[in-house]
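Descriptive structure summary
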Amino acid sequence: MRFLGNIEAKTDAKGRAFLPSVFRKVLQASGEENLVLRKDVFQACLVLYPESVWNDQMDSLRARLSRWNAVHQQIFRQFVSDVETLTLDGNGRFLIPKRYLKMTGIGQNVKFIGMGDTIEIWPNKEDDRPFMDTESFTQALEQIMNGASGPAEPNEGQP
């Protein structure tokens with residue numbers, strides 16, 4: 001399952017959005033009916049997980065955490081508790097709960113970004129873009145693809 005692309009859309013007054021048809025086709029082709037929605041751990045956006053991908057994420061996290069460690073239990077609880085299970089209606093719409101709209105600053109204009117096995121939902125604002133500038137992207141990608149562990153820190157290697 002591969003979600004790809006960057007699609008602009010709108011929510012209605014109730015906070016409902018149409019899942020872009022290109023993403024609906026991927027879900028249908030993979031036999032997925034249910035989605036899980038949660039706020040991203042790192043960014044002010046939402047993440048839609050097909051149910052099978054969500055279950056794999058939960059299993060992976062659970063395998064790394066001990067049930068006998070209080071902090072690990074809190075991490076797992078926080079990760080899995082604030083989610084919504086969604087099913088698209090007959091028109092391909094779903095409701096984004098008001099608390100999520102508020103947490104992420106999503107208004108009427110939204111941006112769906114395919115992230116491989118998940119879909120991110122961002123506020124569509126000119127001044128708040130979820131992308132790197134072209135030069136930073138090019139440098140970071142070059143460094144990663146040449147075997148470095150990650151993007152360089154700003155001014156790294158410069159006097």
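Residues numbered from 1 in each chain as written. Predicted model: local features only at pLDDT ≥ 70, side-chain atom pairs only at ≥ 80, totals over all residues. Heavy atoms only, no water.

1. Concerning the confidence of the model for the protein chain
Test applied: One number per residue, pLDDT, summarises how confident the predictor is, and it ranges from 0 to 100. Secondary structure elements follow DSSP: runs of H or I no shorter than four residues count as helices, runs of E no shorter than two count as strands, and numbering proceeds from the N terminus. Working rule for contacts: check all heavy atoms of both residues, and any pair within 4.5 Å makes them a contact.
When pLDDT is averaged along the protein chain, the result is 89, and 91% of the positions lie at 70 or above. Confidence, read as mean pLDDT per element, is least for helix α5 (residues 134-145) in the protein chain (87) and greatest for strand β4 (residues 46-50) (97). In the model, residues 155-159 has pLDDT below 50 throughout and makes one contact with residues more than four positions away in sequence or in other chains.

2. Some points on α5
Convention followed: By this rule the span expected of a helix is its residue count minus one, scaled by 1.5 Å.
Compared with an ideal rise of 1.5 Å per residue, which puts 12 residues at 16 Å, α5 spans 16 Å between its outermost C-alpha atoms and is within 8% of the ideal. After α5 finishes, the residue Gly 147 shows a positive phi value of roughly 95 degrees.

3. With respect to the pattern of salt bridges
Between side chains of opposite charge, pairing is possible as soon as their charged atoms come close. As a reminder of what qualifies: We count a salt bridge whenever a side-chain nitrogen from Lys or Arg sits within 4 Å of a carboxyl oxygen from Asp or Glu. Between buried and exposed lies partly exposed: a residue is buried under 20% and exposed over 50% of the maximum accessible area for its type, with that area taken using a 1.4 Å probe on protein chains only.
Taken as a whole, this structure holds four salt bridges when the rule is applied. Note that Asp 82 and Arg 99 form a salt bridge whose closest N and O atoms lie 3.2 Å from each other. In this pair, Asp 82 is assigned in the loop between α3 (70-81) and β5 (84-87) and Arg 99 in helix α4 (residues 98-104), connecting sequence segments 17 residues apart. You can call Asp 82 partly exposed: its relative accessible area is 27%. Overall, the relative accessible area of 35% leaves Arg 99 in the partly exposed class. A salt bridge links Asp 89 to Arg 93; its shortest N-O distance comes to 2.9 Å. What makes Asp 89 partly exposed here is its relative accessible area of 30%. One continuous salt-bridge network, built from bridges that share partners, spans Asp 82, Glu 84 and Arg 99.

4. Digging into the packing of aromatic side chains
For any pair of aromatic rings, geometry is given as the distance between the ring centres together with the angle between the planes. The condition is simple: Paired rings are identified among Phe, Tyr and Trp, the last through its six-membered ring, by centres lying within 6.5 Å, and are further divided according to the angle between planes into stacked (under 30 degrees), edge-to-face (over 60) and tilted (the rest). Think of it as a cone above the ring: NZ of Lys or CZ of Arg counts as a charge over the ring if it is within 6 Å of the ring centre and within 35 degrees of the ring normal.
Summed over the entire model, instances satisfying the criterion amount to four aromatic pairs. When the centroid spacing of 5.7 Å and the interplanar angle of 85 degrees are considered together, the rings of Phe 3 and Phe 23 count as edge-to-face. Remark: Phe 23 occurs in helix α1 (residues 21-30) and Phe 3 occurs in strand β1 (residues 3-10); sequence separation between them is 20 residues. Residue Phe 3 is classed as buried on the basis of its relative accessible area of 0%. Using a relative accessible area of 0% as the deciding quantity, one classes Phe 23 as buried. Their ring planes at 70 degrees and their centres at 5.0 Å tell us that Tyr 49 and Trp 54 sit as a pair that is edge-to-face. When its relative accessible area of 5% is taken as the criterion, Trp 54 is described as buried. Taken together, the ring pairs in this structure connect Tyr 49, Trp 54 and Phe 79 into an aromatic cluster. Sitting above the plane of the Phe 76 ring, Arg 62 keeps its charged end 4.0 Å from the centroid. Over the ring of Tyr 100 we find Arg 99; its NZ or CZ atom is 4.7 Å from the centre of that ring.

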